[in-house]
Amino acid sequence: MINTVALMGRLTYDPELRSTPSGVSVIRFQIACDRNYQRQGAERQTDFIDCVAWRQTADFVAHRQER
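Counting starts from 1 at the beginning of each chain's written sequence and moves along it residue by residue. Given that the model is predicted, a residue must reach a pLDDT of at least 70 before its local features are reported, and side-chain atom pairs must reach 80 or more before they are shown or counted; all residues, however, enter totals for whole chains, interfaces and linings. As a convention, hydrogens and water are excluded, and side-chain values are obtained from all of the structure's heavy atoms.

Caption draft 1: The overall build of the protein chain, seen in detail. Numbered from the N terminus, helices here are DSSP runs of H or I no shorter than four residues, and strands are runs of E no shorter than two. Scanning the protein chain from N- to C-terminus turns up one helix and four strands. Tracing the protein chain from N to C terminus, the helices and strands come up as β-β-β-β-α. At 15 Å, the protein chain has a C-alpha radius of gyration far larger than the 11 Å of a compact globule built from 67 residues. Taking the principal axes of its C-alpha atoms as reference, the protein chain extends roughly 50 × 30 × 20 Å. Split into buried and exposed, the 67 residues of the protein chain put 22% on the buried side. Here, two residues are considered to be in contact whenever any of their heavy atoms come within 4.5 Å of each other. For the protein chain, the proportion of contacts with a sequence separation of at least 24, taken over those separated by at least 6, is 38%. Surface accessibility in these figures is a Shrake-Rupley result with a 1.4 Å probe; residues are shielded only by whichever protein chains are displayed. Accessible area for the protein chain stands at about 6,100 Å²; split by element, carbon and sulfur atoms hold 48% of it. Taking the average place of the 9 positive charges on the side chains of the protein chain and the average place of its 8 negative ones, the gap between the two points comes to 5 Å. Throughout, radius of gyration means the C-alpha value; the globule benchmark is 2.2 Å times the number of residues raised to the power 0.38. Relative accessibility decides the category of a residue: with a 1.4 Å probe and only protein chains considered, values under 20% of the type maximum give buried, values over 50% give exposed, and everything between is partly exposed. This count recognises Lys and Arg as positive and Asp and Glu as negative, with His and chain-terminal groups excluded. For charged residues, the charge sits on one atom: NZ in Lys, CZ in Arg, CG in Asp, CD in Glu.

Quick look at the structure:
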C-alpha cells in the first residue's frame, strides 16, 4: 500500500533538478501552506514542507516550474 498526500501551497524557492551519480533525477523544493484554522486574535500560521521527488516525478516538477 502506498500513502498519497496532496499539498497545495506556494514555492519558497526555485526547485533545482539534479542527478545522482547513477543518472537518477532528483529535485528538492519547499512549499509554504497556510493553516485553515486560526485562533481568535492570533496571527495566521504557515507550515513549511520540505519535498523531494525522484525519477519521472522530478522531471515533471522541473518542467512545470520552467513555464
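Here the narrative resumes, following the displayed structure.
Caption draft 2: Molecular detail of the environment of arginine 55. Mapping arginine 55 onto the fold places it in helix H1 (residues 55-66). Of the residues examined, arginine 55 reaches a relative accessible area of 48% and is grouped as partly exposed. For the pair arginine 55 and valine 24, spaced 31 residues apart in the sequence, the C-alpha separation amounts to 5.8 Å. Not counting the four nearest positions on each side in its chain, arginine 55 is found in contact with Val24 and Ser25.

Caption draft 3: Spatial organisation of the side chain of serine 25. Examined against the element boundaries, serine 25 turns out to sit in strand E3 (residues 25-34). Within 3.5 Å is the distance limit for a polar contact, defined as a pair of N or O atoms, with the added protein rule that one can donate a hydrogen and the other accept it, and that residues adjacent in sequence qualify only through two side-chain atoms. Here the side chain of serine 25 touches aspartate 59 through a polar contact of 3.0 Å, side chain to side chain. The contact partners of serine 25, leaving out residues within four places of it in the chain, are Leu17, Arg18, Ser19, Ala53, Trp54, Arg55, Ala58 and Asp59.

Caption draft 4: How the structure looks around the nonpolar core. Of all hydrophobic cores here, the largest spans nine residues; its members are Ile27, Phe29, Ile31, Cys33, Cys51, Ala53, Ala58, Val61 and Ala62. Mapped onto this core, the elements with two or more residues apiece are E3, strand E4 (46-54) and H1. The element that contributes the greatest number of residues to this core is E3, accounting for four residues. Discounting residues that sit within four places of it in the chain, cysteine 51 has contacts with Ile27, Arg28, Phe29 and Ile31. As used in this record, nonpolar core signifies buried Ala, Val, Leu, Ile, Met, Phe, Trp, Tyr and Cys residues forming a set joined through side-chain atoms within 4.5 Å.

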